[in-house]
Amino acid sequence: MDASPYLPSPRFARWRRWKSGAITGILVACALAVIAPLFLVIYFLLVRGYSSLDWSFFTQLPKPTGEVGGGMANAIVGTLTLLAMATVVGVPFGVFGGIYLAEYGSDRANDWIRFAADVLNGVPSIVWGMVVYLILVVPFKTFSAYAGGVALGLMMVPLVMRTTEEVLVLVPQSYREAALALGIARWKVIMVIVVRTALKGIGTGVIVALARIAGETAPLLFTALGNNFWNHNLKEPISALPLQIFAYSISPYDDWHRQAWAGALVLMALILALNITVRVLSRDRQSTL
Amino acid sequence: MSTLPETARIPAGAAPVRVAAAPATASTADVPVEAEEVAFDIRNFSMWYGQRQALQEITIKISARKVTAIIGPSGCGKSTFLRSLNRMHDLTPGTRLEGTLRHFGNDLYGPGIDATAVRRRVGMVFQKSNPFPTMSIADNVLVGLRLNGMRDRSVLQERLEQSLRMAALWDEVKDLLNRPGTSLSGGQQQRLCIARSLAVQPDTLLMDEPCSALDPIATAKIEDLIQTLREKYTVVIVTHNMQQAARCSDRTAFFYMGRLIEFDNTRKIFTNPSNPQTEAYVSGRFG
């Protein structure tokens with residue numbers, strides 16, 4: 001009996017299996033290369049940082065140079081303060097900019113704005129620090145929490161703007177038309193119907209931007225500066241986790257190195273938490289938008 | 001799109017139809033009847049999307065408190081025409097228009113006319129039901145009023161019930177008013193959209209193929225509703241479904257390639273049209 005015409009010759013079948021296996025192997029290796037660094041980071045942070053985490057890390061101020069112990073309570077609060085201030089600066093400009101792009105801008109204007117936003121996204125973060133240093137630190141003759149918040153906020157603007165635009169464009173045109181046909185003014189249609197429909201997506205974009213800037217160090221070096229004590233006045237320098245990690249890790253003291261690892265672990269956990277929030281939010285976004 | 005036959009063939013057994021070249025202007029017989037109030041008085045109305053002319057010199061008088069159906073094959077300009085009745089084209093870049101379009105005597109495209117105010121009087125229901133997904137049934141109905149500044153709770157409550165009753169939806173949703181509008185069935189959603197349009201108290205309702213996404217039972221409900229609406233409202237309905245036009249309209253306008261070919265009483269259009277193109281379309285020979 002003849003072999004089925006659909007059956008390849010054994011030699012050809014072997015060659016094909018080998019080829020398929022080889023390509024699959026290469027792809028798996030590439031995928032691992034993408035995930036592996038994340039696990040390396042988490043592994044080292046846990047090994048080095050977890051043992052150094054103690055209650056005093058979260059509750060105490062840094063000890064004077066040379067003394068063992070103390071914590072980064074002020075840096076943790078400082079980072080949260082700076083993120084809040086960055087949100088106040090970055091979200092209005094970003095969201096309204098995104099609304100302009102999605103609802104009002106002409107194609108020509110939009111091309112330029114998007115181009116500008118993409119360039120801004122690529123501006124090295126230390127350059128943001130230098131610019132804000134010139135605008136807010138030099139004239140007021142002091143480093144300040146305000147300057148740090150503004151530097152981070154400016155970095156948020158292009159990120160928030162582009163994601164806002166993207167989610168607004170996803171809102172079906174039919175909602176806009178339905179609202180306009182009710183005799184509702186256009187700006188109210190946009191603010192109440194369109195933005196509200198896309199609100200979860202915009203919120204997700206804001207959190208993504210926060211996660212992106214939470215670990216920025218360079219823009220804070222020339223602006224927030226850092227502070228070994230509690231900040232009681234936003235016009236004065238403030239501490240932040242990245243700054244404290246930077247200062248401690250280049251120091252010559254073992255105890256400070258230990259605390260730098262702990263700080264890195266806390267910062268990483270904060271960013272991971274923000275990213276997980278995004279995942280949870282965007283999971284049920286599929287259904288409502 | 002199929003091209004029109006030069007002369008319409010007469011189907012076997014059909015009443016003889018005058019076969020004549022299409023007249024240059026639409027035959028509009030003696031519609032509307034002298035005594036009727038005119039809702040839309042439209043003269044030489046043309047519209048362009050960029051270079052492409054979508055409507056050519058439409059002249060038509062649409063009577064108040066009648067149901068006027070607009071029929072015609074895809075791309076004939078019927079939706080374009082409907083959307084120009086409440087200035088929905090304003091946001092489409094590159095549109096241009098000529099001629100006059102008066103609504104109860106007021107020029108809708110006159111200088112300084114507020115399109116938002118126009119749309120409060122000329123409401124619109126769309127092909128696909130589109131209740132706002134973030135809002136409850138009650139909020140959907142009341143959003144037009146609220147965003148136009150109505151705060152009085154008793155008025156809102158009254159208008160909510162009145163609009164839903166008018167849209168024949170009250171009995172089905174009166175206990176679900178806080179549920180999301182999108183939780184309703186397709187036909188109920190479309191009636192919710194009608195209630196939403198009625199709540200701002202327009203005098204005219206435009207409907208753009210309101211039943212094309214609905215099953216026959218839901219369609220019948222909407223058609224019944226159109227019959228009751230006609231007592232208080234001027235209704236202009238675009239439909240692909242000729243039976244629907246025949247069932248629920250008083251007047252029918254046939255559009256073809258951006259022109260108004262014929263406008264007459266619905267019975268006349270469907271039984272004894274004056275124009276061979278109309279005859280060919282309503283008898284199903286093209287379109």
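Cut-offs used in this document
Residues numbered from 1 in each chain as written. Chains lettered and ligands numbered in written order. Predicted model: local features only at pLDDT ≥ 70, side-chain atom pairs only at ≥ 80, totals over all residues. Heavy atoms only, no water. Contact = heavy atoms within 4.5 Å. Buried area = accessible area lost by both parts, 1.4 Å probe. Salt bridge = Lys/Arg side-chain N within 4 Å of Asp/Glu carboxyl O. Polar contact = N/O pair within 3.5 Å; in protein donor to acceptor, adjacent residues only side chain to side chain. Helix = DSSP H or I, 4+ residues; strand = E, 2+ residues; numbered from the N terminus. Nonpolar A, V, L, I, M, F, W, Y, C, P; charged D, E, K, R; others polar. Phe/Tyr/Trp six-rings, centres within 6.5 Å; stacked < 30°, edge-to-face > 60°. Lys NZ or Arg CZ within 6 Å of the ring centre and 35° of its normal. Disulfide = S-S within 2.5 Å. Buried < 20%, exposed > 50% of the residue type's maximum accessible area, 1.4 Å probe, protein only. Expected span 1.5 Å × (residues − 1). Pairing = 2+ DSSP bridges. Core = buried A, V, L, I, M, F, W, Y, C linked by side-chain atoms within 4.5 Å. Axes fitted to C-alpha atoms, helices over the stretch in contact; angles between N-to-C directions. Parallel < 35°, antiparallel > 145°, perpendicular 65-115°, else oblique. Left-handed = near helix turned anticlockwise from the far one by under 90°. Right-handed = clockwise from strand over helix to strand, strands pointing away. Patch = residues over 30% accessible without salt bridge, like charges linked within 9 Å, V, L, I, M, F, W, Y side chains within 5 Å. Areas by Shrake-Rupley, 256 points an atom, 1.4 Å probe, with all protein chains shown as cover.

Explain the interface of chain A and chain B here, please?
When the parts of a complex come together, some accessible area is lost, and that lost area is often used as the size of the interface. On the chain B side, the residues contacting the 17 residues of chain A number 24 residues. Looking only at chain A, the three residues that lose the most surface to chain B are A:Glu177, A:Ala181 and A:Leu182, adding up to 31% of its buried area. Its salt-bridge partner being B:Arg83, residue A:Glu177 comes within 2.6 Å of it at the nearest N-O pair. Summed over the shared surface of chain A and chain B, the number is 6 residue pairs in polar contact (both at pLDDT 80 or more). If you list the elements that add at least two residues to the side of chain A that touches chain B, you get α7 (173–180) and α8 (186–197) of chain A. Across the side of chain A that touches chain B, the residue classes tally to 10 nonpolar, 3 polar and 4 charged.

What should I look at first to understand unusual backbone geometry in this one?
Outside of glycine, negative phi angles account for most residues, and trans bonds account for most peptide bonds. All names here are of chain B. Located in the positive-phi region is glutamate 57, a residue other than glycine, with phi close to 45°. Examined against the element boundaries, glutamate 57 turns out to sit in strand β2 (residues 52–63). In this model, glutamate 209 sits at a positive phi of 45°, which is unusual for a non-glycine residue.

What exactly am I supposed to notice about the packing of aromatic side chains here?
Any two aromatic rings considered together are summarised by their centre-to-centre distance and by the angle between their planes. Evaluated as defined, the whole model comprises 13 aromatic pairs over all chains. Aromatic pair B:Phe81 and B:Phe255: ring centres 5.1 Å apart, planes at 45°, arrangement tilted. Within this pair, whereas B:Phe81 is found in helix α1 (residues 78–84), its partner B:Phe255 is found in strand β9 (residues 251–256), the two being separated by 174 residues in sequence. One aromatic cluster in this structure is built from A:Tyr133, A:Phe143 and A:Phe222. Here B:Arg96 stacks its cationic end above the ring of B:Trp48, 4.2 Å away from the centre of that ring. In this structure, B:Arg196 packs its charged tip against the face of B:Phe132, placed 4.4 Å from the ring centre.

Please clarify how the state of the cysteines should be interpreted in this entry.
Residue and element names in this part refer to chain B. For the coordinates displayed, the defined rule picks out 0 disulfides over all chains. Not part of a disulfide, cysteine 211 finds its nearest cysteine sulfur in cysteine 248, a span of 7.4 Å. Cysteine 211 sits in the buried class, given a relative accessible area of 6%.

I would appreciate a short explanation of α8(A) in the present structure.
Each turn of an α-helix holds 3.6 residues, which means side chains three or four residues apart point in the same direction. Taking 1.5 Å per residue as the helical rise, α8(A) with its 12 residues ought to reach 16 Å, and the 15 Å between its terminal C-alpha atoms agrees with that figure. Inspection of α8(A) places A:Val189, A:Ile190, A:Ile193, A:Val194, A:Val195 and A:Thr197 among the buried residues, and these make up the whole buried set.

Where do I start with the sheet that holds β2(B) in this structure?
Strand-to-strand pairing in sheets goes through backbone hydrogen bonds, with the strands running parallel or antiparallel. A sheet is described by the order of its strands in space; here 4 strands give the open sequence β2-β1-β4-β5 (chain B), paired in antiparallel fashion. Edge positions in the open sheet fall to β2 and β5 (106–107) of chain B, since each of these has one partner strand only.

Sorry, what's going on with the nonpolar core here?
If you look at soluble globular proteins, the nonpolar side chains tend to sit buried side by side. Judged by nonpolar contacts, the single largest core of 93 residues is most densely connected at A:Met156, B:Phe40, B:Ile60, B:Phe81, B:Leu85, B:Phe132 and B:Phe255. Among the elements that take part in this core, helix α12 (residues 254–283) of chain A stands out by supplying 10 residues, more than any other. In terms of nonpolar packing, the next biggest core, distinct from the first, is built from 46 residues, B:Ala138, B:Leu142, B:Ile194 and B:Ala195 among them.

Sorry, what's going on with the side chain of B:Thr239 here?
Residue position: B:Thr239 is located in the loop between β8 (234–238) and α8 (242–248). In this structure the side chain of B:Thr239 is engaged in a polar contact, spanning 2.9 Å, whose partner is the backbone nitrogen of B:Asn241.

Honestly, the packing of helix α5 (residues 125–137) of chain A against helix α6 (residues 145–170) of chain A in this entry has me stumped. Any pointers?
In helix packing, the relevant descriptors are the interaxial angle and the interaxial distance, both defined with respect to the helix axes. Residue and element names in this part refer to chain A. Where α5 meets α6, the closest approach of the two axes is 9 Å, and the angle between their N-to-C directions is 135°. By the criterion of interaxial angle, the relationship of α5 to α6 is oblique. You can see that α5 and α6 cross each other, and the crossing is right-handed. Facing α5, whose interface residues are Ser125, Trp128, Val132, Leu136 and Val137, α6 presents Ala147, Val150, Ala151, Leu154 and Met155.

Honestly, the pattern of salt bridges in this entry has me stumped. Any pointers?
Pairing between side chains of opposite charge can happen when the charged atoms of each approach one another. In the structure shown here, the tally under the stated rule is 23 salt bridges over all chains. Across the pair B:Arg65 and B:Glu37 runs a salt bridge, and its minimum N-O distance is 2.7 Å. Within this pair, whereas B:Arg65 is found in the loop between β2 and β3 (67–71), its partner B:Glu37 is found in the segment before β1 (38–49), the two being separated by 28 residues in sequence. Exposure remark for B:Arg65: the relative accessible area of 37% places this residue in the partly exposed category. Residues participating in the shared-partner salt-bridge network are A:Asp111, A:Arg114, A:Asp118, A:Arg162 and A:Glu165.

It is not clear to me how the pairing of strand β7 (residues 204–208) of chain B should be interpreted in this structure. Could you clarify?
Residues in a regular strand project their side chains so that they alternate between the two faces of the sheet. Residues and elements named next belong to chain B. For β7, a buried count of 5 out of 5 residues is recorded, marking the element as mostly surrounded by other parts of the structure. Side chains of β7 alternate between two faces, with Thr204, Leu206 and Asp208 and Leu205 and Met207 buried alike. In the sheet, strand β6 (residues 122–125) pairs with β7 via 4 bridges, with the strands oriented parallel. Within β7, the residue paired with methionine 124 across the bridge is leucine 206. Sheet analysis places β7 next to β8, joined by 5 bridges and oriented parallel. The residue bridging leucine 205 from the neighbouring strand is valine 235, located in β8. Note on the crossover from β7 through helix α7 (residues 216–229) to β8: the handedness is right-handed.

I tried to follow the packing of α6(A) against helix α9 (residues 199–214) of chain A on my own but got confused; where do I start?
Residues and elements named next belong to chain A. At a minimum axis distance of 8 Å, the contact between α6 and α9 shows a crossing angle of 150°. When the interaxial angle is binned, α6 and α9 end up roughly antiparallel. With respect to the hand of their crossing, α6 and α9 are arranged in right-handed fashion. Taking contact as the criterion, the partners of Leu152, Met155, Met156, Leu159, Val160, Thr163, Thr164, Val167 and Leu168 in α6 are, on α9, Gly201, Ile202, Gly205, Val206, Ala209, Leu210, Arg212 and Ile213.

For this particular structure, what's the right way to read the environment of B:Ala115?
All names here are of chain B. Looking at where alanine 115 falls in the secondary structure, it is placed in helix α2 (residues 115–121). Classification of alanine 115 by relative accessible area gives buried; the value is 10%. Considered as a pair, alanine 115 and threonine 95 are 20 residues apart in the sequence and their alpha carbons are 15 Å apart. Ignoring sequence-local partners within four residues, the contact set of alanine 115 consists of Arg87 and Asp90.

Help me understand a nonpolar patch on the surface, please; the structure alone is not making it clear to me.
Nonpolar side chains collect at one region of the surface, where A:Ile126, A:Val127, A:Met130, A:Val131, A:Tyr133, A:Leu134, A:Ile135 and A:Val138 lie side by side and expose about 650 Å² of accessible area between them. Tracing the backbone shows A:Val138 in the loop between α5 and α6.

When you look at the sheet that holds β7(B) in this model, what are you seeing that I'm missing?
Residue and element names in this part refer to chain B. With mixed pairing, 6 strands are arranged side by side in an open sheet as β6-β7-β8-β3-β9-β10. Single-partner strands in this sheet number two, and they are β6 and β10 (259–265). Taken over all neighbouring pairs, the strand axes of this sheet differ in orientation by 20° on average, direction set aside. Across the face of the sheet, helix α6 (residues 186–199) comes into contact with β6 and β7 while running at roughly 170° to β6. The sheet contacts of α7 involve β3, β7 and β8, and relative to β8 the element is tilted by about 150°.

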